[in-house]
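Each chain is listed here by its residues.
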Amino acid sequence: MRVLLLGFGNVGRQFCEMLSVKANFLKANYGLEVCVVGVATRHRGSVCAANGLPVEGLLKTEEETGRVDVWEQPYSVGQSVDELLESCDYDVLVECTSPNIETGEPAADYIRKALRGKHHVATSNKGPLLFHFHELTEIAAVNGVYFLYEGTVMAGTPLFSLARCGLAGSRIRRFEGIINSTTNYMLTLIAAGSSFDEAVRDAQRRGYAEVDPTLDVDGWDAAAKVIIVAQAILGMPVVGFRSVAVEGIRGITPYMMDDARRRGVCIKLVARASLDEEPSISVKPEAVPFSHPLASVEGINNGALLLSDTIGEISIIGPGAGARETASALLRDLIAIEMGGKVLER
Ligand code: HSE
């Protein structure tokens, strides 16, 4: 499987490391041999080679020089993303550039080009799905290729494959989730006595927060993710931010968390999408009873509860942020592509 990789930040690097560490395991268990034929970054250059790049060498030189384009013949350097998309011989575009949640571009355009050229796509980038979910899935279907995005919501925790494969044959009518790690981590700290400002600084320091942490604390990151879930899992038509009632966690104090605990509930930032009466989507702090599955979601973990028409409620809890976790979702997307229809029935 020839992979063209867009983005060599924390996720892209972890993805390459995982490919290298797991090469024998992937070959033995899935017959999957991945060859990275090109890497493009926004500010650190690009490199490609028809016969594949030495991934470990690439990681090492990037660490030493901060660039990916310090290679000589037979490696070719300095091509733009558009040039690579046109000239590279690849099977799968792995797109892990950072999200633009105002337009989804330019990543959406890269994905469109790859799908139209009959290349599969695996992405961990929320932006393109948020604005162009139906368009991109349609282009993939028309061109007979896969468009997978496991890492976009709940990072390494397998939400979309649970809905698509684990619950194959089911209709999902309702989703409830804690899908922003930064705010969940902050609420865990605030419950232990930290102020809001201390909690946000800690989440930033640990690298969980978006570049602009207001996207997390004001609920926009969770809103972007629940819009993706509503379209991808509940089958809602195009949804924009205006259709979502969004409220973040500003103003939540240790006193409020303590008071909630005495009443047998905890305060969580809950994202909901439902087809129960009329379609509705919201993100807001809610009092969650201790007996509810989402009450035990602490720290950077995320949780989701799906209501299906076959087995009723099912819930999952797991890591919702982190480069390694997100890279593991990209790897699973590659395995799903390699396994073809066997694990991809909708
Ligand atoms: N800022 C995001 C979060 C990162 O805290 O959930 C993962 O999407």
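Because the structure is predicted, anything quoted here is derived from the model rather than measured.

So, how was this worked out
- Residues numbered from 1 in each chain as written.
- Predicted model: local features only at pLDDT ≥ 70, side-chain atom pairs only at ≥ 80, totals over all residues.
- Heavy atoms only, no water.
- Pairing = 2+ DSSP bridges.
- Helix = DSSP H or I, 4+ residues; strand = E, 2+ residues; numbered from the N terminus.
- Near = heavy atom within 4 Å.
- Polar contact = N/O pair within 3.5 Å; in protein donor to acceptor, adjacent residues only side chain to side chain.
- Areas by Shrake-Rupley, 256 points an atom, 1.4 Å probe, with all protein chains shown as cover.
- Nonpolar A, V, L, I, M, F, W, Y, C, P; charged D, E, K, R; others polar.
- Axes fitted to C-alpha atoms, helices over the stretch in contact; angles between N-to-C directions.
- Parallel < 35°, antiparallel > 145°, perpendicular 65-115°, else oblique.
- Contact = heavy atoms within 4.5 Å.
- Buried < 20%, exposed > 50% of the residue type's maximum accessible area, 1.4 Å probe, protein only.
- Domains from an automatic or database assignment.
- Buried area = accessible area lost by both parts, 1.4 Å probe.
- Salt bridge = Lys/Arg side-chain N within 4 Å of Asp/Glu carboxyl O.
- Core = buried A, V, L, I, M, F, W, Y, C linked by side-chain atoms within 4.5 Å.

**Q** Quick question: what am I supposed to make of the sheet that holds strand 3 (residues 46-48) here?
**A** Hydrogen bonds along the backbone pair up the strands of a sheet, which may run parallel or antiparallel. If you trace the seven strands from one edge of the open sheet to the other, you get 4-3-2-1-5-6-7, paired in mixed fashion. The open sheet terminates on both sides in strands that have one partner only, identified here as strand 4 (76-77) and strand 7 (147-148). Judged from the five bridges that link them, strand 1 (residues 2-6) and strand 2 (residues 35-40) form a sheet pairing that is parallel. Bridging across to strand 2, V3 finds its partner in V36.

**Q** Just checking my understanding: could you explain the site of the ligand for this structure?
**A** Neighbouring residues of the ligand: K126, N180, S181, T182, Y208, A209, E210, D216, D221, K225 and G320. Residue T182 places a side-chain N or O atom 2.6 Å away from an oxygen atom belonging to the ligand. At a separation of 2.9 Å, an oxygen atom of the ligand approaches a polar side-chain atom of K225. Its free accessible area being 260 Å², the ligand has 87% of it covered by the protein chains. When residues of the shell around the ligand are traced back to their parent elements, those giving at least two are helix 8 (181-191) and helix 11 (220-232). Class assignment for the residues of the shell around the ligand results in two nonpolar, four polar and five charged.

**Q** Please explain the packing of helix 8 against helix 12 (residues 254-262) as it appears in this structure.
**A** The geometry of a pair of packed helices is captured by two quantities: the angle between their axes and the separation between those axes. Two elements in contact, helix 8 and helix 12, have axes whose closest approach is 8 Å; the angle formed by their N-to-C orientations is 80°. By the angle between their directions, the pair helix 8 and helix 12 is classed as roughly perpendicular. Contact with helix 8, carried on its side by L187, I190 and A191, involves P254, M257 and R261 of helix 12 and no other residues of that element. Across the contact of helix 8 with helix 12, the residue classes tally to five nonpolar, no polar and one charged.

**Q** Looking at this structure, I do not really get the environment of I314. What am I missing?
**A** Relative to the elements of secondary structure, I314 occurs in strand 13 (residues 312-319). On the basis of relative accessible area, I314 is assigned to the partly exposed category, the value being 24%. The spacing of I314 and A304 is 10 residues in sequence and 8.3 Å in space, taken between C-alpha atoms. I314 has contacts with L162, L167, A304, L305 and L306, leaving out every residue within four places of it along the chain.

**Q** Any chance you could explain the side chain of T61 here in plain terms?
**A** With respect to the secondary-structure elements, T61 resides in helix 3 (residues 55-65). Among the residues examined, T61 registers a relative accessible area of 18% and is labelled buried. Sequence-distant contacts of T61, that is, excluding residues within four places in its chain, are made with G66, R67, V70 and W71.

**Q** Would you mind showing me how to read unusual backbone geometry here?
**A** Residues apart from glycine generally show negative phi values, whereas peptide bonds are mostly found in trans. Here Q73 and P74 are connected by a cis peptide whose omega angle stands at 10°. By the secondary structure assignment, P74 is in the loop between helix 3 and strand 4. In this structure, the amide linkage connecting E105 to the following residue, P106, adopts the cis form with an omega of 0°. One non-glycine residue, K118, lies in positive phi territory at about 65°. You can see K118 is positioned in the loop between helix 5 (107-116) and strand 6 (120-123). For K118, a relative accessible area of 53% puts it in the exposed group. A positive phi angle is found at A155, which is not glycine, with a value near 45°. Looking at the secondary structure, you find A155 in the loop between strand 7 and helix 7 (159-166). Take A155: its relative accessible area is 4%, and that puts it in the buried class.

**Q** Help me understand the domain arrangement of the chain, please; the structure alone is not making it clear to me.
**A** Many authors give the size of an interface as the accessible area that is lost as the parts come together. Taken domain by domain, the chain consists of domain 1 (2-155 + 324-344) and domain 2 (167-319). Taken over C-alpha atoms, the centre of domain 1 sits 28 Å from the centre of domain 2. Tallying the contact residues gives 14 residues for domain 1 and 22 residues for domain 2. Regarding the contact of domain 1 and domain 2, the summed buried area is about 1400 Å², with carbon and sulfur atoms giving 75% of it. Across the domain 1-domain 2 interface, the total number found is two salt bridges. The salt bridge partner of K126 is D221, with a shortest N-O separation of 2.6 Å. One can count three residue pairs in polar contact (both at pLDDT 80 or more) joining domain 1 with domain 2. For the side of domain 1 that touches domain 2, the element with the highest residue contribution is helix 6 (residues 126-143), accounting for six residues. By residue class, the composition of the side of domain 1 that touches domain 2 is 10 nonpolar, two polar and two charged.

**Q** How should I be thinking about the nonpolar core in this particular structure?
**A** The tendency in soluble globular proteins is for nonpolar side chains to be buried as a group. The biggest cluster of nonpolar side chains holds 75 residues, and the ones touching the most others in it are L159 and F175. If one sorts the elements of this core by residue count, helix 11 sits on top with nine residues. Viewed by domain, this core spans two of them, domain 1 (2-155 + 324-344) and domain 2 (167-319), each represented by three or more residues. L159 has contacts with E150, V153, M154, F175, V229, I233, A304, L306 and I316, leaving out every residue within four places of it along the chain. In this structure, M1, L5, A122 and L148 belong to the second largest nonpolar core, which totals 34 residues.

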